[in-house]
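The lines below spell out each chain.
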Amino acid sequence: MPFTLDKAIYYSLVLFAFTAPLSVAGQSIFTTLAILLAVINGIKTRILPSLPTGIGIKSIFLFFGVLFLSAVFSYMPLKSFGMFWTYVARFLLFFVVIQYVRQRNQVETIFLAVAAGWIMTDVYAIIQWLHGNWRATGFYSHHMMFGNCLTMIVPLLLAQITNQRVSLRWLIFTAAFVLSVIALLANGSRGAWLAMLSIPIVLTAVDRSILKNRIFMLLMITTILIAILGIMYYPPIQARILSITDMSDFSNANRIWLWQSAYHLWSNSLVLGIGIGNYENYFNHYLDPRSEFFGKHMHAHSNFMQLLAETGIVGLIAFIFMFCQLSLHHYRVAVASNTDQWRKTTALGVLLLTVTLFIQGAVEYNMGAAVVARQFWFFTALAFAAYQVPHESNS
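Calculation rules
Residues numbered from 1 in each chain as written. Predicted model: local features only at pLDDT ≥ 70, side-chain atom pairs only at ≥ 80, totals over all residues. Heavy atoms only, no water. Helix = DSSP H or I, 4+ residues; strand = E, 2+ residues; numbered from the N terminus. Rg over C-alpha atoms; globule rule 2.2 N^0.38 Å. Buried < 20%, exposed > 50% of the residue type's maximum accessible area, 1.4 Å probe, protein only. Contact = heavy atoms within 4.5 Å. Areas by Shrake-Rupley, 256 points an atom, 1.4 Å probe, with all protein chains shown as cover. Salt bridge = Lys/Arg side-chain N within 4 Å of Asp/Glu carboxyl O. Phe/Tyr/Trp six-rings, centres within 6.5 Å; stacked < 30°, edge-to-face > 60°. Axes fitted to C-alpha atoms, helices over the stretch in contact; angles between N-to-C directions. Parallel < 35°, antiparallel > 145°, perpendicular 65-115°, else oblique. Left-handed = near helix turned anticlockwise from the far one by under 90°. Nonpolar A, V, L, I, M, F, W, Y, C, P; charged D, E, K, R; others polar. Patch = residues over 30% accessible without salt bridge, like charges linked within 9 Å, V, L, I, M, F, W, Y side chains within 5 Å.

Notes on the overall build of the protein chain
Regarding its fold elements, the protein chain presents 17 helices and zero strands. Expected size for 395 residues packed as a compact globule is a radius of gyration near 21 Å; at 21 Å, the protein chain falls within 12% of this value. If one aligns the C-alpha atoms of the protein chain with their principal axes, the spans along those axes are about 60 × 60 × 35 Å. A burial count over the protein chain gives 55% of its 395 residues as buried. Sequence-distant contacts in the protein chain: of pairs separated by 6 or more residues, those separated by 24 or more amount to 77%. Carbon and sulfur atoms make up 69% of the accessible area of the protein chain, which totals about 17,300 Å².

Notes on the side chain of Arg374
Summarising the element assignment, Arg374 is placed in helix 17 (residues 370-387). Setting aside anything within four residues of it in sequence, one finds Arg374 in contact with Phe16, Gln27, Ser28, Thr31 and Arg90.

Structural notes on the side chain of His301
On the secondary structure map, His301 appears in the loop between helix 14 (279-282) and helix 15 (303-336). Classification of His301 as buried rests on a relative accessible area of 10%.

A few points about the pattern of salt bridges
Per the counting criterion, the structure on display carries seven salt bridges. Arg102 is the partner of Asp6 in a salt bridge, and the nearest nitrogen-oxygen pair spans 3.3 Å. In this pair, Asp6 sits in helix 1 (residues 5-19) while Arg102 sits in the loop between helix 5 (93-100) and helix 6 (104-130), placing the two residues 96 residues apart along the sequence. With a shortest N-O distance of 2.8 Å, Arg290 and Asp288 are connected by a salt bridge. Owing to a relative accessible area of 58%, Arg290 belongs among the exposed residues under this scheme. When its relative accessible area of 19% is taken as the criterion, Asp288 is described as buried.

A few points about the packing of aromatic side chains
Describing an aromatic ring pair means giving the distance of the ring centres and the angle of the ring planes. If you walk through the whole model with that rule in mind, you get 35 aromatic pairs. Taking 4.9 Å as the distance between ring centres and 20° as the angle between the ring planes, the aromatic pair formed by Phe91 and Phe94 counts as stacked. No difference in accessibility class separates Phe91 from Phe94, as the two residues are buried. Here the aromatic rings of Tyr263 and Trp266 are separated by 5.7 Å at their centres, their planes lie at 50°, and the arrangement is tilted. Residue Tyr263 and its partner Trp266 are located together in helix 13 (residues 250-268), separated by three residues, close to a single helical turn. By relative accessible area, Trp266 is classed as buried at 18%.

Some remarks on the packing of helix 16 (residues 341-360) against helix 17
Between helix 16 and helix 17, the shortest axis-to-axis distance is 10 Å and the interhelical angle comes to 155°. In this view, helix 16 runs roughly antiparallel relative to helix 17, as classed from their interaxial angle. The two elements helix 16 and helix 17 cross, and the hand of that crossing is left-handed. Contact residues: helix 16 offers Trp342, Arg343, Thr346, Ala347, Val350, Leu353, Thr354 and Leu357, while helix 17 offers Val372, Phe376, Phe379, Thr380, Ala383, Ala386 and Tyr387. Tallied by class, residues from the contact of helix 16 with helix 17 come to 11 nonpolar, three polar and one charged.

Comments concerning the packing of helix 7 (residues 143-163) against helix 16
At a minimum axis distance of 8 Å, the contact between helix 7 and helix 16 shows a crossing angle of 155°. The pairing of helix 7 with helix 16 is recorded here as roughly antiparallel in orientation. Our pair here, helix 7 against helix 16, has a crossing hand that is right-handed. For the pair helix 7 and helix 16, the contacting residues are Gly147, Asn148, Thr151, Met152, Pro155, Leu156, Ala159, Gln160, Thr162 and Asn163 in the first and Gln341, Trp342, Thr345, Leu348, Gly349, Val350, Leu352, Leu353, Thr356, Leu357 and Gln360 in the second. In terms of residue class, the contact of helix 7 with helix 16 is built from 10 nonpolar, 11 polar and no charged.

Notes on a nonpolar patch on the surface
A cluster of nonpolar side chains, contributed by Ile221, Ile224, Leu225, Ile228, Leu229, Met232 and Tyr233, occupies part of the molecular surface with about 730 Å² of accessible area. Structurally, the position occupied by Tyr233 is in helix 11 (residues 214-233). Classification of Tyr233 as exposed rests on a relative accessible area of 62%.

Keep in mind these numbers describe shape, not what the thing actually does.
Laid out in structure tokens, this is it:
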């Protein structure tokens, strides 16, 4: 069969999924390649991208519309429009996935590529941990980036396990999940750990019958035992857990000072904020001098506080509305897909990662990181693409 642009775009997406946890450069290369090929193919065929309908999609464009308005009324418009383009650029892959992932086997192959890439980076992170590198980074440049991405990957892989009978595919997803859980412990991200607590709540809300799956429950018990052993016998993990509610902890104090600074900036521009991308230019005016970030360029260490300062109350509401609508859409698909386990699993995985990333975003500006935002929009688009695949019954 001839090698077409459609195939080249699809293979670029597979390679993006595989390289995303392995190399920031690889992620950027295959993102750019997929978008460039999609533009060329669009010009060649004169076919514009088609998008799903519904409030979930509309909420995304509402959020980007508010970002644009924030740039228009920004304290520093040129910088804000530059940041607006950065947000848009991280989102462009969404259109490519929607347009060029059309078949069930394509979605399954992409998920396998995700698992394969994460097995490799998890193993490397665990090796780092065993060699004394507490707060393991894997192949990422910073432990927070690694933790942010694991916040999405752990629940996504868990959902895949619920759909698989014991097979080679199931073993690959299971290995990736267990290794990712260990890597998350080695990473020491408290926000990610807290976000994981939402998983059993969401799972139970979607389908209580999953608790009757013996293999799944055995895997969950094993995972919990791994976590308990890590907590009991590794003092740094104990210290990180105990520090969560310790207001004398310097890391916690730094976050609070950053949030206070964001609040004061918002009080100067309540509706649309000071403009996206401007927090780092003004936060020092209100930052406690005791902070380690005083005099530096820094984000607010929280999606909510960053957006409140930069896009005002309108931007914060639009952001929360978007995440709630996306979560609700995935939830409805998962609940309504009892006769199509594959579709249900896909919806459940992206629902879980949306919820966990949203919760972790209370204490981390995860959507401000390109490696996180690209993968979030990629997985969200993959879910919407899967929903458009013709329905298949479990039989």
